[in-house]
Amino acid sequence: MKKILALVLALAMMAVLACSAIAEQPTYHFEIVSKGFQSTYWQAVLKGTEARTKEINDEAGYEKITFQFVGPDAESNVAQQVSQFESAVNANPAAIGFAAVDQEAFVDLIAQAQSKNIPIIGFDSGVPGAPEGAVYANASTDNYAAGGVAAEGMWAKIKDRIAAAEGQVRIGEVNQEATGESVTNRGKGFIDKIIELAAAEGWGCAVIGNEYYVNGTTGAVVPEADAKIIIEVRVPSATYVDLCATEASVILNEEDTIAIFGSNQVAAEGVLVANESLYVCGSGDDEIIAVGFDSGSTIKAAVSDGTMYGAVTQAPVGIGRVLVDLLLASAEGQEVKDTDTGCAFYTAENINNEEIAQNLYD
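All of these numbers come straight from a predicted model, not from anything done at the bench.

## Things to note about the sheet that holds strand S6 (residues 169-174)
Each strand in a sheet pairs with its neighbour through backbone hydrogen bonds, running either in the same direction (parallel) or in the opposite one (antiparallel). Within the open sheet, the seven strands sit side by side as S7-S8-S6-S9-S10-S11-S13. Their pairing is mixed. Two strands lie at the open edges of the sheet, namely strand S7 (205-209) and strand S13 (344-347), each paired on one side alone. Along the sheet, successive strands turn relative to each other by an average axial angle of 20 degrees, direction set aside. Of the strands in this sheet, S6, strand S8 (229-234), strand S9 (257-262), strand S10 (289-293), strand S11 (310-313) and S13 touch helix H5 (residues 143-164), which is tilted by about 165 degrees from S9.

## Some remarks on unusual backbone geometry
Of note in this structure, Asn 92 is not a glycine but carries a positive phi near 50 degrees. Its place among the elements puts Asn 92 in the loop between helix H3 (78-90) and strand S3 (95-98). The phi dihedral of Asn 117 falls on the positive side, at around 60 degrees, and the residue is not glycine.

## Considerations on the packing of H5 against helix H6 (residues 181-200)
The interhelical angle for the contact between H5 and H6, taken along N-to-C directions, is 45 degrees, at an axis separation of 6 Å. With respect to H6, the element H5 is oriented oblique. The chirality of how H5 crosses H6 is right-handed. Between H5 and H6, the residues in contact are Asn 143, Tyr 144, Gly 147, Gly 148, Ala 150, Ala 151, Glu 152, Met 154 and Trp 155 and Glu 181, Ser 182, Asn 185, Arg 186, Lys 188, Gly 189, Phe 190, Asp 192, Lys 193, Ile 194, Leu 197 and Ala 198, respectively. Considered class by class, the residues forming the contact of H5 with H6 number nine nonpolar, six polar and six charged.

## A look at the packing of aromatic side chains
Inspection of every chain in the model, using the stated rule, returns 11 aromatic pairs. Taking the centre distance of 6.5 Å and the plane angle of 10 degrees together, the rings of Tyr 28 and Phe 30 count as stacked. Take Tyr 28 and Phe 30: they sit in the same class, and that class is buried. Taking 4.9 Å as the distance between ring centres and 75 degrees as the angle between the ring planes, the aromatic pair formed by Phe 98 and Phe 106 counts as edge-to-face. In terms of burial, Phe 98 and Phe 106 fall into one category: buried. Members of the aromatic cluster, connected to one another through ring pairs, are Tyr 41, Trp 42, Phe 123 and Tyr 361. Over the face of the ring belonging to Phe 293 we find Arg 186, whose NZ or CZ atom lies 3.9 Å from the ring centre.

## A few points about the pattern of salt bridges
Enumeration according to the criterion identifies 14 salt bridges in this entry. For Lys 54, the salt bridge is made with Asp 58, and the minimal N-O distance between the two is 2.8 Å. Here Lys 54 and its partner Asp 58 are both found in helix H2 (residues 40-60), four residues apart, which amounts to about one turn of the helix. Between Lys 193 and Glu 152 there is a salt bridge; the shortest N-O distance is 3.7 Å. Highlighted residues: Lys 193 in helix H6 and Glu 152 in helix H5, separated in sequence by 41 residues. You can call Lys 193 buried: its relative accessible area is 18%.

## Concerning helix H11 (residues 316-331)
Counted at 1.5 Å a residue, the expected span for H11 with its 16 residues is 22 Å, and the 23 Å between its end C-alpha atoms agrees. Within the sequence span of H11, burial applies to Pro 316, Ile 319, Gly 320, Leu 323, Val 324, Leu 326, Leu 327, Leu 328, Ala 329 and Ser 330. The positive-phi residue at the C-terminal boundary of H11 is Gly 333, with phi of around 85 degrees.

## Section: the nonpolar core
Counting 33 residues, the largest nonpolar core has Trp 155, Ile 158, Phe 190, Ile 229 and Ile 231 as the members making the most contacts within it. If we ignore the near neighbours within four places in the chain, the residues touching Phe 190 are Gly 147, Gly 148, Ala 150, Ala 151, Met 154, Ile 171, Glu 173 and Phe 261.

Rules of the game
Residues numbered from 1 in each chain as written. Predicted model: local features only at pLDDT ≥ 70, side-chain atom pairs only at ≥ 80, totals over all residues. Heavy atoms only, no water. Pairing = 2+ DSSP bridges. Helix = DSSP H or I, 4+ residues; strand = E, 2+ residues; numbered from the N terminus. Axes fitted to C-alpha atoms, helices over the stretch in contact; angles between N-to-C directions. Contact = heavy atoms within 4.5 Å. Parallel < 35°, antiparallel > 145°, perpendicular 65-115°, else oblique. Left-handed = near helix turned anticlockwise from the far one by under 90°. Nonpolar A, V, L, I, M, F, W, Y, C, P; charged D, E, K, R; others polar. Phe/Tyr/Trp six-rings, centres within 6.5 Å; stacked < 30°, edge-to-face > 60°. Buried < 20%, exposed > 50% of the residue type's maximum accessible area, 1.4 Å probe, protein only. Lys NZ or Arg CZ within 6 Å of the ring centre and 35° of its normal. Salt bridge = Lys/Arg side-chain N within 4 Å of Asp/Glu carboxyl O. Expected span 1.5 Å × (residues − 1). Core = buried A, V, L, I, M, F, W, Y, C linked by side-chain atoms within 4.5 Å.

What follows is the structure in structure tokens.
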């Protein structure tokens, strides 16, 4: 009887110790505020976030990480994202993941998070202009460089046509907005790279249209009357495909337009919607060369059939995975740093290559 009692007591002690050990295992809750759910791009980021969280929890043997992933109805809905970010700060999480739709609207709220010692990890567009030290690191594509990749991909297709043209030619650019870092830097990177490539051939460029992009270029421009290439930039009043289509239609209807760039999924799909009634885009030498950004079933289909010559893909699933790693490391007090998640230009010729396909989403 004494031996049985001793065994029971020993098992009880082991159970208490086990429960105590489990209770001492660290757990972390993260609040993640994205730029929206209006495109499958953000769903792909969420997919990567979920996958990496599951891996970490499986490796730990318990629910080490939990998170809430939110975003506004549209990337133009700054007020909604402000409310969501405020709720994230008030939740006092171990860290916050944040992709800002407006660079200026969150300064005070970010300062509040900083006063609470809540690490902020930027992703996709990041949080430019945040108080110094508030954003520990960013998981994102170098958007300015990515805009240049789009320009180079387009340039390879249109260079000879520009050389053969007797007069001016027009390259259009549709940006869904002029506030978020990802789209604005991408748009400026595209413009500056076109100007650079044109200058190497002895051709001058003029930039017209939306003032933000006209004034934001760092390339050397010439007066419109003296330009070989007119770069026309148009931005809709809100971030919706149909409004981007309206702006794209204006460019596509210009007689001297030879190419057009849609700087993200919404803008690129707007170009394709505009083309549905105009039938001017394609990959032939007498068609308007359309280049997009991001992925999605609509863009992938258009690239595959040649309606859209090519597009630049980021690695949205990878962004979500890297974001979780940076959030966890910052919450654990480890040093973190910006991580470039990369991009690539794809056309009908390489869309099915493994290195490209793994970065495409529906």
